[in-house]
Amino acid sequence: MTTLSLPLPVLTKGRFASLDAYTDESLFEVCGVRIAFTTRQGGVSAGPYASLNLGSHVDDDLALVEKNRKIVLSSLSCGDAPLIVPKQVHGDRVLSVSDAKDVRAVANDAAQGADGVVVGASRVAALLCFADCVPVIIVSPTGRFAVVHAGWRGVENLISAKAVEILSSEDACALGEGAPREYNVYIGPHIRSECFETGPDVHERFVSRFGPVCAPDDSHVDLLAALKNQLMAAGVADERICDLGACTVCRNDEFFSFRAQDGVAGRHGAFACRVS
């Protein structure tokens with residue numbers, strides 16, 4: 001059984017070839033999992049997509065998007081890794097790949113629609129794309145990880161807790177049934193509560209599901225508070241939830257923001273791959 005424990009999560013900004021990304025070097029040193037929250041710099045796209053746009057569903061040149069994705073893979077020393085990039089649909093579907101031979105089938109399934117990927121195979125990468133929604137990366141001591149897209153609908157539908165459940169189920173052989181969920185959770189740049197104004201229906205749904213902690217006032221919702229609520233309910237310790245603390249709207253110079261850019265924006269990424 002695996003007895004490795006992970007260091008407490010920390011996010012710091014690092015330079016990887018041409019791009020900057022927020023990562024956890026101690027995590028990488030211990031278990032070989034490279035995580036990264038990219039910024040909007042370091043790529044080849046132009047205009048509102050400048051420069052490291054990783055989203056293929058916006059009006060950017062697809063050839064440039066593919067080049068940007070290759071830049072991320074090569075810069076993070078994962079150039080030969082197959083890359084799974086789901087078609088994000090604001091749902092709660094989480095796919096899983098435990099063996100590299102299944103990557104093509106899972107990638108094809110992901111292209112039909114999913115908002116989370118659990119990866120147990122070495123040198124298989126997952127990338128999800130964002131421009132205000134919440135990027136979540138969850139890493140197990142086994143080296144298995146999940147990358148999750150948590151828009152407000154995904155948060156409401158507990159997609160991050162669902163990813164934890166899948167990780168725990170797939171970790172059972174290595175960690176034992178009922179093992180403590182000593183996972184590191186990394187929450188990347190997203191729209192913060194001060195900028196996330198919602199209508200009364202969404203506001204009431206969040207208060208009803210997660211309590212007043214996720215509602216700083218009558219018109220704003222705190223997605224981070226709701227996420228932490230569900231992750232801790234799923235067995236993740238508060239000290240193992242690391243928030244970058246960056247608002248995409250307020251820091252639109254560093255990250256893409258759908259709201260700040262009036263709906264015409266590229267997408268930064270949440271990336272993970274077990275390199276060794």
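Up top is the structure.
Sequence positions are assigned chain by chain, starting from 1 and proceeding in written order. Where local features are concerned, this predicted model is filtered to residues with pLDDT of at least 70; where side-chain atom pairs are given and counted, the filter is 80 or more; whole-chain, interface and lining totals use all residues. Hydrogens and waters are ignored; side-chain quantities use all the structure's heavy atoms.

Trainee: How should the sheet that holds strand β2 (residues 19–23) be read in this particular structure?
Mentor: Paired through backbone hydrogen bonds, the strands of a sheet run either parallel or antiparallel to each other. What the 6 strands build is an open sheet, ordered β1-β2-β3-β12-β7-β4; its pairing is mixed. The strands lining the two open edges of the sheet, one partner per strand, are β1 (12–16) and β4 (83–84). DSSP bridges decide pairing: two strands pair if at least two such bridges lie between them. Note on conventions: DSSP H or I runs of at least 4 residues are helices, E runs of at least 2 residues are strands, and numbering of each starts at the N terminus.

Trainee: Whenever I open this one, the pattern of salt bridges confuses me. Can you help?
Mentor: Opposite charge on two side chains lets them pair, provided their charged atoms get close. Whenever Lys or Arg places a side-chain nitrogen within 4 Å of a carboxyl oxygen from Asp or Glu, that contact is recorded as a salt bridge. Counted by the stated rule, this structure contains 15 salt bridges. Between E254 and K13 there is a salt bridge whose closest N-O contact spans 2.9 Å. Residue E254 is found in the loop between β11 (241–243) and β12 (268–274), and its partner K13 is found in strand β1; the two are separated by 241 residues along the sequence. Whether a residue is buried, partly exposed or exposed follows from its accessible area with a 1.4 Å probe, protein chains only, as a fraction of its type maximum: under 20%, in between, or over 50%, in that order. For K13, a relative accessible area of 44% corresponds to the partly exposed category. Residue R144 pairs with D171 through a salt bridge whose shortest N-O separation is 2.6 Å. Within this pair, whereas R144 is found in the loop between β8 (134–139) and β9 (145–150), its partner D171 is found in helix α5 (residues 159–175), the two being separated by 27 residues in sequence. If you follow the salt bridges from partner to partner, you end up with K13, R251 and E254 in one network.

Trainee: I would appreciate a short explanation of unusual backbone geometry in the present structure.
Mentor: Among all residues except glycine, the phi angle is most often negative; among peptide bonds, the trans geometry is most common. Residue A50 is joined to S51 through a cis peptide bond whose omega torsion reads -10°. Inspection of the secondary structure puts S51 in the loop between β3 (33–38) and α2 (62–75). In the Ramachandran plot, S77 falls in the positive-phi region, its phi being about 60° despite a non-glycine side chain. Relative to the helices and strands, S77 resides in the loop between α2 and β4. Located in the positive-phi region is H90, a residue other than glycine, with phi close to 60°. For H90, the position within the fold is in the loop between β4 and β5 (94–97). Using a relative accessible area of 35% as the deciding quantity, one classes H90 as partly exposed.

Trainee: Is there a simple way to think about the layout of surface pockets in this case?
Mentor: Points on a 1 Å grid over protein atoms alone make up a cavity when a 1.4 Å probe fits among them but cannot get out, and a pocket when they form an open set with protein on both sides within 12 Å along at least five of seven lines; lining residues each have an atom within 4 Å of a point. Grid points are joined across faces, edges and corners, and a volume is the space filled by probe spheres set on the points. Of the volumes computed, that of the largest pocket is approximately 530 Å³. As for the largest pocket, its lining consists of 24 residues, of which H90, A131, C133, H149 and R267 are closest to the centre. Listing elements by their share of the lining of the largest pocket, those giving two or more residues are β7 (125–130) and α4 (152–156). Along the lines of polarity and charge, the residues of the lining of the largest pocket split into 11 nonpolar, 7 polar and 6 charged. We call Asp, Glu, Lys and Arg charged. Ala, Val, Leu, Ile, Met, Phe, Trp, Tyr, Cys and Pro are nonpolar, and the rest, Gly among them, are polar.

Trainee: What's the story with the sheet that holds β11 in this structure? I'm lost.
Mentor: Pairing is mixed across the open sheet formed by 6 strands, whose spatial order is β5-β6-β9-β8-β10-β11. The sheet is open, and its two edges are formed by β5 and β11, each paired on a single side. Sheet twist, expressed as the average angle between the axes of neighbouring strands with direction ignored, equals 15°. In this sheet, β11 lies alongside strand β10 (residues 184–187) in parallel orientation, the contact comprising 3 bridges. Simply put, an axis is a line fit to the C-alpha atoms, just over the touching stretch for a helix, and the angle between two N-to-C directions goes from 0 to 180 degrees.

Trainee: Would you mind going over the nonpolar core with me for this structure?
Mentor: It is characteristic of soluble globular proteins that their nonpolar side chains tend to be buried jointly. Definition used in this section: a nonpolar core is a set of buried Ala, Val, Leu, Ile, Met, Phe, Trp, Tyr and Cys residues joined via side-chain atoms within 4.5 Å. V136, I138, V155, V185, F206 and L223 are the most contacted members of the largest nonpolar core, which has 35 residues in total. For this core, the elements supplying multiple residues, two or more each, are β8, β9, α4, α5, β10, α6 (200–210) and α7 (223–233). Residues are treated as being in contact if the distance between any of their heavy atoms lies within 4.5 Å. Residues contacting V155, with those up to four places away along its chain left out, are A150, F206, F210, L223, A226, L227 and Q230. Counting residues in each nonpolar core, the second largest holds 34 residues, with Y22, I84, V97 and F255 among its members.

Trainee: What's the story with the side chain of H220 in this structure? I'm lost.
Mentor: Within the fold, H220 resides in the loop between α6 and α7. The class of H220 is buried, set by a relative accessible area of 14%. Non-local contacts of H220, meaning those with residues more than four positions away in its chain, are made with S193, E194, C195, F196, E197, H203, C214 and A215.

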